[in-house]
Amino acid sequence: MSDDQLAEFVAAIPMPALMVDQTERIIAANTDAMTLLSQNIVGRHFATILRQPQVIDAIEQALRTKGPAKTRHLSNDGAQDTTFEVECRYMSGVGAVSGGALLAIFQDVTHVEQASQMRRDFVANVSHELRTPLTALMGFIETLRGPARDDAVARDRFLQIMNDEANRMNRLVGDLLSLNRVESEERVRPKEQIELKGLLQSTLNSLRPLAEDAEVQLTLTAPEDPVSLTGDNDQLRQVFTNLIENGIKYGGSGGSVEIRVLPSERDSAMRGPAVRVQVIDKGPGIDAVHLPRLTERFYRADSHRSRQLGGTGLGLAIVKHIINRHRGRLRVESDLGKGTTFTVILPR
């Protein structure tokens, strides 16, 4: 194989690739490899380009044994850390005096690493969320079997706490199942025709007892004409129930939660006919540092208060996936001390 043919062969590989011959110099590299490592790397010693010890060791081993080797190369694309699996394979009859050369191919596995990390974080978060109420239940059960066995007052108080903790675990399991169901349906477009004003009014009616207990006034501002769109009635009810309930619980100190329905023939976010539903409270607001992460699983702007109010940390993650299924958008605006506005934008 001539040098030109070798260069064409490496250039045709659809991922970063280079060749190192027995002189330990790079004899060919494609454009992707030069983008990843450096320009003008052909002709240079591989150790001056690939400076990571594990990569150097793998290439030296493959050159010495003329067998396969595998390792990882860590890099950064300017926006995030990246991980590449490096596969080394020996080719005879090429390179200096046809003494053979090593082909190293870099496969980007960053997305696999990120998915694996997400799974680990998810398991850790679920374990942590379940461990707290389980520890409380076990402690109270032990107390009721021992020192508080004959203490009627303590027994009633402990049983109430145990009931609250059990309900908290039940809500968490329910939200986990709901999140799994929503994620599995995210790519399936809904086909049902719904009337949005009626859906919102029904949702407000179901939440009115909670609002009355919190001394919060619920108001709905909407156009007189019906607002229809294609969607999943139950899932959209879940979205607005979650947002309005959050407004009552966390923004209720302002005394009111307003829901506005704003249809338009051309929405800038959707580039077509859409309707915006705003849930506005006059509460303490949310610090801007928390806004980009509100829809992450188990992320809480105020962990202690959220747990006190029965939050599982999954509500807004479920909301995000439902809105994604409807090809919509979620916007959050908040000023400390002035309240928060959640805006759901849905195509019509």
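A. A positive patch on the surface, seen in detail. Together, Arg266, Arg271, Arg329 and Arg331 make up a positively charged patch on the protein surface. Mapped onto the secondary structure, arginine 331 falls in strand S11 (residues 329-335).

B. Structural detail: unusual backbone geometry. The phi dihedral of arginine 271 falls on the positive side, at around 55°, and the residue is not glycine. Counting through the fold element by element, arginine 271 comes out in the loop between strand S9 (256-267) and strand S10 (272-281). In this structure, arginine 327 is a non-glycine residue whose phi angle is positive, near 60°. For arginine 327, the position within the fold is in the loop between helix H10 (315-325) and S11. For arginine 327, a relative accessible area of 32% corresponds to the partly exposed category.

C. Inspection of the sheet that holds strand S2 (residues 26-29) at higher detail. Read across the sheet, five strands follow the order S2-S1-S5-S4-S3 without closing on themselves; strand pairing throughout is antiparallel. With partners counted over all chains shown, the strands left at the sheet margins are S2 and strand S3 (69-76), one partner each. The mean angle between the axes of side-by-side strands here comes to 25°, regardless of whether they run parallel or antiparallel. Inspection of the sheet shows strand S1 (residues 17-21) paired to S2 by three bridges, in the antiparallel sense. Bridge pairing in S2 links valine 20 to isoleucine 26. Sitting on the sheet, helix H5 (residues 110-145) is in contact with S3, strand S4 (81-91) and strand S5 (101-108), with an inclination near 130° to S4.

D. Structural context of the packing of aromatic side chains. Applying the stated criterion to the full structure yields one aromatic pair. Ring plane angle 35° and centroid distance 4.9 Å describe the contact between phenylalanine 140 and phenylalanine 158, whose orientation is recorded as tilted. You can see phenylalanine 140 sitting in helix H5 and its partner phenylalanine 158 sitting in helix H6 (residues 152-184), a full 18 residues away along the chain. With a relative accessible area of 18%, phenylalanine 140 lands in the buried category. Given the relative accessible area of 11%, phenylalanine 158 is considered buried.

E. Molecular detail of the environment of valine 239. Summarising the element assignment, valine 239 is placed in helix H8 (residues 233-251). With a relative accessible area of 0%, valine 239 lands in the buried category. In contact with valine 239, other than residues within four places in its own chain, are Val319, Ile322, Ile323 and Val344.

F. Structural detail: the layout of surface pockets. Put simply, the second largest pocket is a space of about 330 Å³. Met118, Asp121, Phe122, Glu296 and Arg297 are the residues nearest the centre of the second largest pocket, which is lined by 15 residues in total. Elements with a minimum of two residues in the lining of the second largest pocket: H5 and H10. In terms of residue count, H5 provides more of the lining of the second largest pocket than any other element does, five residues in total. In terms of residue class, the lining of the second largest pocket is built from five nonpolar, three polar and seven charged.

G. Main features of the sheet that holds S9. One open sheet holds the five strands; their spatial order is S7-S9-S10-S12-S11, and the pairing between them is mixed. Sheet topology places strand S7 (217-221) and S11 at the edges, where each strand pairs with a single neighbour. With direction set aside, neighbouring strand axes in the sheet form an average angle of 15°. Bridge analysis of S10 against strand S12 (residues 339-347) gives eight bridges, and the strand direction is antiparallel. Residue glutamine 278 lies in a different strand from S12, and its bridge partner there is threonine 343. Across the face of the sheet, helix H7 (residues 196-213) comes into contact with S7, S9 and S10 while running at roughly 175° to S7. Against the sheet, H8 makes contact with S7, S9, S10 and S12, and its axis sits at roughly 170° relative to S12, the strand it touches most.

H. Quick peek at the nonpolar core. Residues Leu196, Leu218, Val239, Phe240, Ile244, Ile248 and Ile259 are the most contacted members of the largest nonpolar core, which totals 41 residues. Mapped by element, the contributors of at least two residues to this core are H6, H7, H8, S9, S10, H10 and S12. By size, the runner-up hydrophobic cluster in this structure holds 26 residues, among which are Leu18, Val20, Phe46 and Ala62.

I. How the structure looks around the pattern of salt bridges. All chains considered together, the criterion is met by 13 salt bridges. Here arginine 89 and glutamate 87 are joined by a salt bridge, their closest N and O atoms 3.3 Å apart. Judged by its relative accessible area of 43%, arginine 89 is partly exposed. Aspartate 267 is paired through a salt bridge with arginine 276; the nearest N and O atoms lie 2.6 Å apart. Classification of aspartate 267 as buried rests on a relative accessible area of 4%. Connected through shared salt-bridge partners, Lys70, Arg72, Glu85, Glu87, Arg89 and Glu113 make up one network.

Calculation criteria
Residues numbered from 1 in each chain as written. Predicted model: local features only at pLDDT ≥ 70, side-chain atom pairs only at ≥ 80, totals over all residues. Heavy atoms only, no water. Patch = residues over 30% accessible without salt bridge, like charges linked within 9 Å, V, L, I, M, F, W, Y side chains within 5 Å. Areas by Shrake-Rupley, 256 points an atom, 1.4 Å probe, with all protein chains shown as cover. Salt bridge = Lys/Arg side-chain N within 4 Å of Asp/Glu carboxyl O. Lys, Arg positive; Asp, Glu negative; His and termini not counted. Charge placed at Lys NZ, Arg CZ, Asp CG, Glu CD. Helix = DSSP H or I, 4+ residues; strand = E, 2+ residues; numbered from the N terminus. Buried < 20%, exposed > 50% of the residue type's maximum accessible area, 1.4 Å probe, protein only. Pairing = 2+ DSSP bridges. Axes fitted to C-alpha atoms, helices over the stretch in contact; angles between N-to-C directions. Contact = heavy atoms within 4.5 Å. Phe/Tyr/Trp six-rings, centres within 6.5 Å; stacked < 30°, edge-to-face > 60°. 1 Å grid on protein atoms, 1.4 Å probe; cavity = no way out; pocket = protein on both sides within 12 Å on 5 of 7 lines; lining within 4 Å. Points joined across faces, edges and corners; volume = space filled by probe spheres on them. Nonpolar A, V, L, I, M, F, W, Y, C, P; charged D, E, K, R; others polar. Core = buried A, V, L, I, M, F, W, Y, C linked by side-chain atoms within 4.5 Å.

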